[in-house]
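Chain by chain, the residues run as shown.
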Amino acid sequence: MLVERIFGLEPIVGEDPRILILGSMPSVESLRKHEYYGNKRNHFWKIMFMLFDSPELGEYKDKIAFLKKQKIALWDVLYSCYREGSLDSNIKDEEPNEIEAFVRNHPNLRLIVCNGTKSYKSYQKYIGLNRLPEVEVIKLPSTSPVPGKYNKTLEGKLQEWKIIKDYL
């Protein structure tokens with residue numbers, strides 16, 4: 001089966017972000033909708049609203065405004081790749097985004113969060129963990145709904161994701 005090269009989404013960034021959350025590459029559903037974490041089963045938005053004791057918002061534009069208000073930016077480590085389906089394990093021939101330029105253009109960033117293992121490993125491969133000493137880089141459990149050997153419950157994920165509030 002011939003798979004076409006896919007391209008990720010533009011970064012979501014408001015004024016003066018403190019945290020950059022990096023996924024690997026948006027899912028098929030997210031790319032179709034042009035929305036980060038567009039799969040309703042993904043825990044990302046639920047975790048964000050729970051972290052800030054906020055009611056869940058339904059409209060994507062409202063979700064984005066909410067993140068910007070919290071000083072959180074969203075992007076992906078990968079700019080493009082070949083991938084059949086949505087699984088990170090199917091990613092081939094990847095090209096990274098310009099994360100270093102993003103960090104230079106946002107000098108108040110304090111933390112880069114890699115959402116899951118693929119994001120973290122790709123970050124290590126293309127940027128390196130010590131290359132941007134002005135920001136800390138951490139890996140948090142994937143918010144993906146795909147069951148895996150390291151996948152935690154929503155409550156387990158929420159407990160680990162709480163660390164981001166220390167950087168705001």
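Scroll up to find the structure.
In this report, we go over the structure that sits alongside the text. Not measured: the values here are computed from a predicted model. (Residues numbered from 1 in each chain as written. Predicted model: local features only at pLDDT ≥ 70, side-chain atom pairs only at ≥ 80, totals over all residues. Heavy atoms only, no water.)

## A short note on the packing of helix α2 (residues 44-51) against helix α3 (residues 60-69)
At a minimum axis separation of 11 Å, α2 and α3 run at an interaxial angle of 45 degrees. On the basis of the axis angle, α2 is oblique to α3. Where α2 crosses over α3, the two elements pack in a sense that is left-handed. Here Phe44, Trp45, Met48 and Phe49 of α2 lie close against α3, whose contacting residues are Tyr60, Lys63, Ile64, Phe66 and Leu67. A per-class count over the contact of α2 with α3 returns eight nonpolar, no polar and one charged. (Axes fitted to C-alpha atoms, helices over the stretch in contact; angles between N-to-C directions. Helix = DSSP H or I, 4+ residues; strand = E, 2+ residues; numbered from the N terminus. Parallel < 35°, antiparallel > 145°, perpendicular 65-115°, else oblique. Left-handed = near helix turned anticlockwise from the far one by under 90°. Contact = heavy atoms within 4.5 Å. Nonpolar A, V, L, I, M, F, W, Y, C, P; charged D, E, K, R; others polar.)

## Overview of the pattern of salt bridges
Tallied over the entire structure, the rule returns ten salt bridges. Close ionic contact of Arg5 with Glu95 constitutes a salt bridge, the shortest N to O distance being 3.8 Å. Residue Arg5 is located in strand β1 (residues 5-7), and its partner Glu95 is located in strand β5 (residues 92-96); the two are separated by 90 residues in the primary sequence. Residue Glu94 is joined to Lys118 by a salt bridge in which the shortest nitrogen-to-oxygen separation is 3.0 Å. Here the residue Glu94 occupies a position in strand β5, and Lys118 occupies one in helix α5 (residues 117-126), the gap between them amounting to 24 residues. Residue Glu94 is classed as buried on the basis of its relative accessible area, which comes to 13%. Classification of Lys118 as partly exposed rests on a relative accessible area of 23%. A cluster of three or more residues bridged by salt bridges with shared partners is formed by Arg5, Asp93 and Glu95. (Salt bridge = Lys/Arg side-chain N within 4 Å of Asp/Glu carboxyl O. Buried < 20%, exposed > 50% of the residue type's maximum accessible area, 1.4 Å probe, protein only.)

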